[in-house]
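Letter by letter, the chains look like this.
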Amino acid sequence: MKIAFFELEDWEKGYIAERVHNQDIRYYDVPVAQAPLEEIKDVDIITCFIYSKLNKELLEKFTNLKLIATMSTGFDHIDLEYCKEKGIVVCNVPAYGDNTVAEHAFGLLLNLSKNIHKGYKKTREGDFSYDGLRGFDLKNKTIGVLGTGRIGQCSIKIAKGFQMNVIAYDPFQKDSLQEELGFVYKSLDEVLAESDIITIHVPLLPTTNHLINKEAIDKMKDGVIIINTSRGPLIDTEALITGLQTGKVGGAGLDVLEGENIVKDELDFIKSHTSYTKEQLKLVMQDHTLMKMDNVLVTPHLAFYTKEALQRILDTTLTNVFDCIEGRDYKHQVNK
Ligand code: NAD
């Protein structure tokens, strides 16, 4: 089979070469849309990461595609409906580091609560004063967990370790978890109103786009801390900026941004001849505003990026690829 692996690191190419034999393998460091179409349009299998936006317009150019194996849990970058219609299987990596992402969420929270990012900057400049560095304890604070799936559950376990009071919202409650992990399910409005800290672990769906908008922020406690390691568009950036500017929101830890795809490749953005919409340009400016704010910590979609998690991602992706090569039932298909 002809297999195109996109967005890989060098060590991953070596690992694949040792394991996948007798296939026509191509490696591309770039996302799918930036690879030469003539070379890839007849591939059987694509593996890629979230920066490959596989929309209908791009997918229509492929003549032979059987499998898209995304090296991520989220698959909102792929047009699932189109794939289903054309019989293209889409597989993901359902679980590779639930703890990995939850640990990052707490990394952001601990930094914000103890002002570590500010203290780090100060000491590098030789300033050992406490000015603007007073933090707060996590113990006895109420944390609201939105989404009690795999990552949400890990966040709950970590929060319990810090002796926090945990409440959660999920439209598909798993009631037995409450006793098992020691938290209470509440309505979305209750979680918004009662939490000192809100951490988002919800998938991006049409129904969850801008889940945290102006109305939601208005319902929150004054000074609430918002952590988002899930997907940028879950938060309405403009509403968040307003909340931060007015002090309604006390701080934000963001591993994901609404405009992250453009911000990530700003040089391309500046040089490219693509015409961007007014909304896209606005998002880029808003993201820059966020990144400059003192009480905001932005990381570059980094939560999954640990040695252990990357290895698990690659191994599961190879399982997905071998399911296709060997005609086995797919274990991780998301568009049945
Ligand atoms: P999961 O599918 O195990 O859990 C998601 C949970 O959200 C489910 O329990 C679901 O019922 C719930 N949910 C759905 N709609 C909701 C709503 N409107 N309000 C509250 N809860 C809702 O997913 P997961 O493995 O825990 O991952 C969560 C998300 O984290 C992924 O969708 C992905 O976008 C993101 N993620 C980010 C990174 C990163 O590097 N930053 C890495 C992995 C995953």
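The structure displayed is predicted, hence computed values, not measured ones.

Caption draft 1: Highlighting the packing of aromatic side chains. Applying the stated criterion across every chain yields a total of 7 aromatic pairs. Between Phe-106 and Phe-162 the ring centres are 5.8 Å apart and the planes differ by 0°, which places this aromatic pair in the stacked class. Of this pair, Phe-106 sits in helix H5 (residues 98-114) while Phe-162 sits in the loop between helix H7 (150-161) and strand E7 (165-169), and the two are 56 residues apart along the sequence. Residue class for Phe-162 comes out partly exposed when judged on its relative accessible area of 31%. Three or more aromatic residues link up through ring pairs in this structure, and these residues are Phe-49, Tyr-51, Phe-304 and Tyr-305.

Caption draft 2: Region of the structure containing the site of the ligand. The local shell around the ligand holds 24 residues, among which Arg-150, Ile-151, Asp-170, Lys-174 and Thr-229 are the closest. Within the backbone of Ile-151, a nitrogen or oxygen atom sits 2.8 Å from an oxygen atom of the ligand. Tallied by class, the residues present in the shell around the ligand amount to 10 nonpolar, 9 polar and 5 charged.

Caption draft 3: Expanded view of the sheet that holds strand E3 (residues 45-48). If you walk across this open sheet you meet the 5 strands as E2-E1-E3-E4-E5, and the pairing is parallel. Pairing within the sheet leaves two strands with one partner each, and these edge strands are strand E2 (24-28) and strand E5 (89-91). Each strand of the sheet is rotated relative to its neighbour by a mean of 15°, with strand direction disregarded. Strand direction decides the pairing type here: E3 and strand E4 (residues 67-70), joined by 4 bridges, are parallel. Bridge assignment links Cys-48 to a residue of E4, and that residue is Thr-70.

About the criteria used
- Residues numbered from 1 in each chain as written.
- Predicted model: local features only at pLDDT ≥ 70, side-chain atom pairs only at ≥ 80, totals over all residues.
- Heavy atoms only, no water.
- Phe/Tyr/Trp six-rings, centres within 6.5 Å; stacked < 30°, edge-to-face > 60°.
- Helix = DSSP H or I, 4+ residues; strand = E, 2+ residues; numbered from the N terminus.
- Buried < 20%, exposed > 50% of the residue type's maximum accessible area, 1.4 Å probe, protein only.
- Near = heavy atom within 4 Å.
- Polar contact = N/O pair within 3.5 Å; in protein donor to acceptor, adjacent residues only side chain to side chain.
- Nonpolar A, V, L, I, M, F, W, Y, C, P; charged D, E, K, R; others polar.
- Pairing = 2+ DSSP bridges.
- Axes fitted to C-alpha atoms, helices over the stretch in contact; angles between N-to-C directions.

In short, the description is geometric, and any link to function would need to be established separately.
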